[in-house]
Amino acid sequence: MSWKTVRLDWDEDVATLTVDRPDALNALNVATLEAMGEAITEAADEDARALVVTGAGDDAFIAGADIAYMQDLSTTEGQEWGELGHDVADALEAFPAPTIAAVNGYAFGGGCEMAIACDLRVAAESAVIGNTEIDLGIIPGWGATQRLPELVGDETARRMIFLGERLDAESAAQAGLFGEVVSDEDLEDAVSELASRIAEKPAVAMRAAKQALNQRSEGSQTSGLAYEQRAFASLFGTPDQREGMSAFVEGREPEFE
Ligand code: COA
């Protein structure tokens, strides 16, 4: 299939999903999320032995959920929006083969959440990552309240989410967010080599290894994700959400209550 803002390319058994909306720094809108979901299904149906996720252009992996779209959402629409993002992040997490985020630039909010739903993360040295939702008057709604502490530990996750910290690649690697940081020029080759090494391993055992690792947080994560979705939706329509997102769209500093 082909989509307007998502590409799926193949190199032998390795599939690469590229979010291709560089004019908006690859921010995720409804059509892009739906396309990501379809591309992930296609890659699984075609038996990819590794799936790479990245962003088009030199500046961004995914600069987050589309703020202009979110600006006027009601609570009910926020619930649907949260579900759509959860579905894509869950599909990455449940993808039968290992997934690798090639973080080639900004990865904020929903972009950070897509990266941490992948099994592994390789970053370019110019990458910057964070869960910045607090500054928009909302909370992470696509999985970070559950997945981020697993990855970086509770204190660091709380600092990142409470303060909306934007971490450079080195700091993020030290925090445990990135497994590897390489020069911007080397990112594609480094990810391709890692994906090929994974793709050469026995596929059935690889699938079992991933499923077994995913069991670790299964029960508690499922109820945590449901809670996150309700809390995320409940913030749409609050004065701080309206102000935070209007301020971004209008290019000014927000004034919260
Ligand atoms: N949603 C919608 N549009 C976004 C976006 C987002 N999350 N992030 C960037 N864009 C758009 C900008 O509105 C701008 O569009 P325009 O050219 O039509 O005005 C374009 O992408 C380029 O962004 P700009 O802010 O001009 O680039 P910059 O280099 O000065 O700053 C960022 C880049 C990533 C630091 C800045 O765009 C930013 O902070 N984005 C929001 C990040 C965020 O909070 N994400 C979490 C959302 S849940």
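Quick note: structure is the one above.
Before going into details, it helps to say that this report is about the structure given with it. (Residues numbered from 1 in each chain as written. Predicted model: local features only at pLDDT ≥ 70, side-chain atom pairs only at ≥ 80, totals over all residues. Heavy atoms only, no water.)

### So, the site of the ligand
Just so we agree on the cut-off: Definition of nearness: a residue and a molecule or strand are near each other if at least one heavy atom of the residue lies within 4 Å of the molecule or strand. Pairs of N or O atoms within 3.5 Å make up the polar contacts considered here, provided that, within protein, one atom can donate a hydrogen while the other can accept it, and that residues adjacent in sequence are counted only when both atoms are side-chain atoms. All accessibility values rest on the Shrake-Rupley procedure with a 1.4 Å probe; residue burial counts only the protein chains present in the view.
In the vicinity of the ligand lie 18 residues, with A63, A65, I67, T132 and R166 positioned nearest. In the model, a nitrogen atom of the ligand is placed 3.0 Å from a nitrogen or oxygen of the A63 main chain. Within the contact set of the ligand, a nitrogen atom lies 2.9 Å away from a backbone nitrogen or oxygen of I67. Here the ligand has 850 Å² of accessible area as a free molecule, and 61% of this is covered by the chains.

### Focus: the packing of aromatic side chains
The condition is simple: Each Phe, Tyr or Trp ring, with Trp reduced to its six-membered ring, pairs with another whose centre is within 6.5 Å; inter-plane angles below 30 degrees give stacked pairs, above 60 give edge-to-face pairs, and intermediate values give tilted ones. In this description a helix means any DSSP run of H or I spanning at least four residues, a strand means any run of E spanning at least two, and both kinds are numbered starting from the N terminus. To sort residues, take the accessible area from a 1.4 Å probe on protein chains only and compare it with the maximum for the residue type: under 20% means buried, over 50% means exposed, and anything in between is partly exposed.
Tallying each qualifying case throughout the model produces four aromatic pairs. Where Y69 meets W81, the ring centres are 4.8 Å apart and the plane angle is 55 degrees; that geometry is what we call tilted. Linking Y69 in helix 2 (residues 67-70) with W81 in helix 3 (residues 75-94), this pair joins segments that are 12 residues apart in sequence. According to the relative accessible area criterion, Y69 is partly exposed, its value standing at 36%. Its relative accessible area of 2% is what places W81 among the buried residues. Taking the centre distance of 5.3 Å and the plane angle of 65 degrees together, the rings of W81 and W142 count as edge-to-face. Placement of W81 in helix 3 and of W142 in the loop between strand 8 (128-130) and helix 5 (144-152) is noted, with a sequence separation of 61 residues between them. Its relative accessible area of 1% is what places W142 among the buried residues. In this structure an aromatic cluster arises from ring pairing among Y69, W81 and W142.

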